[in-house]
Amino acid sequence: MILNRVNNENDNQERDNQNDDDEEVNNNEEGEKEEEEEEGEGGEEEQEREEEKEGDEGEEEEREKEGENEGEEEYENENEDNNKRTMIKTKKGSNEKPPKKVKKKISKCGKKFLRILFYIVLLIVLIFFIISVIKRKKILKGNKLLLKSEFNSEANYNKIKNELMNVYNYNGEINVIKFYQENIIQKSYNPRDSTNLKNIHINIGFDEQSIDTVIPHLSSVLHHSADSTFLHIHMMNANTFSVESLMKLKNMVYKINNNTEILVYNAGQAIKSFNIREEARPRFAKEYAKLYAFKAIKNVQKIIFLDADDCMVFQDLTPLYELDLNDIYGRGVLEIPSIRFSVDWMEPYLYDKSHYINGGVVLVNLELCQKEDFYSKAIELNNNEFYKKTEEPVQDIINVLMKRKIEFFHPKFNKINYYEKEEDRNDESKWYPWVIETLKQTEKNNHFYTKDELLDADKNPVIIHYYWEKKLNKEISKYESDKKFYAKLVGLS
């Protein structure tokens with residue numbers, strides 16, 4: 001019984017254990033099923049994710065392919081552009097013609113460039129024109145204001161103008177400063193005392209049309225004049241003399257050097273005594289006017305004849321003026337006339353062609369020349385067929401009249417440029433022909449200049465004569481800048 005009971009209990013226990021095992025198995029199976037279901041669901045999600053990834057990767061691959069395609073297209077386009085450029089560059093060397101599109105682009109660019117260039121040039125021309133008009137208006141306005149301020153009214157200006165012409169036509173001599181002080185600013189003429197100063201007399205010829213050219217050259221004389229000198233400028237006028245010219249000359253004295261007097265002579269009637277070729281009259285009238293000094297100027301022992309349209313002064317003229325004249329007629333810088341033009345016709349008139357001077361700067365023994373009646377002799381010589389042949393009438397007349405009584409001075413007092421280019425300064429083989437001929441004559445005539453004297457004149461000039469440049473129509477930058485400088489000193493533009 002006990003054994004049965006024990007066996008039954010064991011059996012029951014085994015059944016319970018088996019049931020527990022079965023339950024565990026069932027539970028395990030259910031858990032596995034649930035896990036499988038969960039894994040199934042998770043698998044589906046993972047599968048979806050993988051599909052999405054695969055889709056994204058596909059899209060990226062497509063993009064990459066498209067990018068590669070685009071890169072290839074860009075590369076191809078660049079290659080095409082490079083080919084086009086190469087074709088354009090090599091167009092000159094080959095017979096192949098560039099594509100029409102390139103041609104069109106080039107032609108369009110060329111047209112645009114030409115159009116822009118045209119407008120730029122037009123604008124520059126317009127600007128320069130406007131500036132010149134404005135400057136001219138300012139000058140005219142300045143002149144009108146000057147006249148208005150000096151004369152107060154137009155009626156007063158006309159009164160002064162009539163008074164000037166009456167004086168000018170009556171006695172043929174006007175003292176510019178005296179007339180200005182007595183008639184315009186209504187002050188008595190009170191000339192400076194020049195007894196303790198060195199007096200220098202200068203003679204020039206001019207006409208009304210050349211006054212603006214003459215003034216800068218005269219300004220250079222006044223500007224370099226020493227304080228110990230007093231200048232007497234004798235101006236032989238070939239035609240009329242205006243109030244405007246008088247005012248310009250007055251300004252030159254007032255603004256630069258008060259130790260100056262200017263005397264204007266009416267040489268118009270005197271010039272009528274000289275025969276002048278009609279085609280040469282505009283040029284030579286003011287040259288012939290200089291000869292009137294032999295008659296008009298009184299009580300002056302010596303005087304400098306100066307070409308005041310192409311001679312520029314750079315030092316005080318006292319050393320030139322103080323050169324000894326004794327019993328000779330004059331001094332000048334030696335020149336060989338036959339080099340510039342033929343003077344064979346002058347041989348009967350000249351003492352010696354080696355005694356010939358340039359007429360641009362001449363120191364004249366005026367007292368002796370007047371005793372010899374040079375004025376009448378000049379008229380007689382000129383009118384005896386002489387005027388038809390001469391190329392430099394006043395210069396030739398002076399040389400013929402002075403003949404044997406003519407001497408020379410250092411070339412620094414009338415320095416004519418010997419060379420065209422600065423680098424030719426020390427190479428005499430490249431100097432102007434007449435200078436070379438002068439040097440050749442040095443051995444035969446001891447009064448001719450040496451190379452050292454010419455170079456010394458070039459380094460230390462008292463007067464520079466720009467005759468040769470004007471003859472050849474050459475512009476010298478130094479000359480132009482000097483003219484502008486001296487013009488501005490007296491208010492000329």
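1. A look at the sheet that holds strand β6 (residues 311–313)
Now for step 1: Within the open sheet, the three strands sit side by side as β6-β11-β10. Their pairing is mixed. Only two strands of the sheet have a single neighbouring strand rather than two, namely β6 and β10 (415–416).

2. Digging into unusual backbone geometry
Now for step 1: With a phi angle near 55°, Gln186 is a residue other than glycine that sits in the positive phi range.
Now for step 2: With respect to the helices and strands, the residue Gln186 is situated in the loop between α4 (176–183) and β2 (198–206).

3. Section: empty space enclosed by the protein
Picture a little ball the size of a water molecule; that probe, rolled over the atoms, points out where space is still empty.
Now for step 1: In total, this model carries three cavities of 30 Å³ or more according to the counting rule given.
Now for step 2: As a volume, the largest cavity reaches approximately 90 Å³.
Now for step 3: Around the largest cavity, the lining is made up of twelve residues, and of these Leu334, Tyr418, Trp434, Tyr449 and Leu454 lie nearest the centre.
Now for step 4: Put simply, the parts of the chain that give the lining of the largest cavity at least two residues each are β10 and α15 (433–440).
Now for step 5: No other element matches α15, which puts three residues into the lining of the largest cavity.
Now for step 6: Across the lining of the largest cavity, the residue classes tally to nine nonpolar, two polar and one charged.

4. Digging into the pattern of salt bridges
Now for step 1: Under the defined criterion, the tally for this structure stands at twelve salt bridges.
Now for step 2: Residue Glu385 is joined to Lys388 by a salt bridge in which the shortest nitrogen-to-oxygen separation is 3.3 Å. Separated by three residues within a single helix, Glu385 and Lys388 lie in helix α13 (residues 374–389), roughly one turn from each other.
Now for step 3: The partly exposed category is assigned to Glu385, whose relative accessible area is 39%.

Cut-offs and rules
Residue numbers restart at each chain and count upward from 1, following the sequence in its written direction. Totals for whole chains, interfaces and linings use every residue, but because this is a predicted model, local features are given only for residues with pLDDT of at least 70 and side-chain atom pairs only at 80 or more, for both listing and counting. Hydrogens and waters are ignored; side-chain quantities use all the structure's heavy atoms. Two strands qualify as a pair provided that DSSP identifies no fewer than 2 bridges between them. Under the scheme used here, helices are H or I runs from DSSP no shorter than 4 residues and strands are E runs no shorter than 2 residues, and both carry numbers assigned from the N terminus. The method works on a 1 Å grid over the protein atoms by themselves. A cavity is a set of points holding a 1.4 Å probe that cannot get out, a pocket is an open set with protein on both sides within 12 Å along at least five of seven lines, and residues with an atom within 4 Å of a point line them. Grid points are joined across faces, edges and corners, and a volume is the space filled by probe spheres set on the points. Classes in brief: Ala, Val, Leu, Ile, Met, Phe, Trp, Tyr, Cys and Pro nonpolar; Asp, Glu, Lys and Arg charged; the others, Gly included, polar. We define a salt bridge as a contact between a side-chain nitrogen of Lys or Arg and a carboxyl oxygen of Asp or Glu at a distance within 4 Å. Burial here depends on accessible area, computed with a 1.4 Å probe over protein chains only, as a share of the maximum for the residue type. Under 20% is buried, over 50% is exposed, and the range in between is partly exposed.

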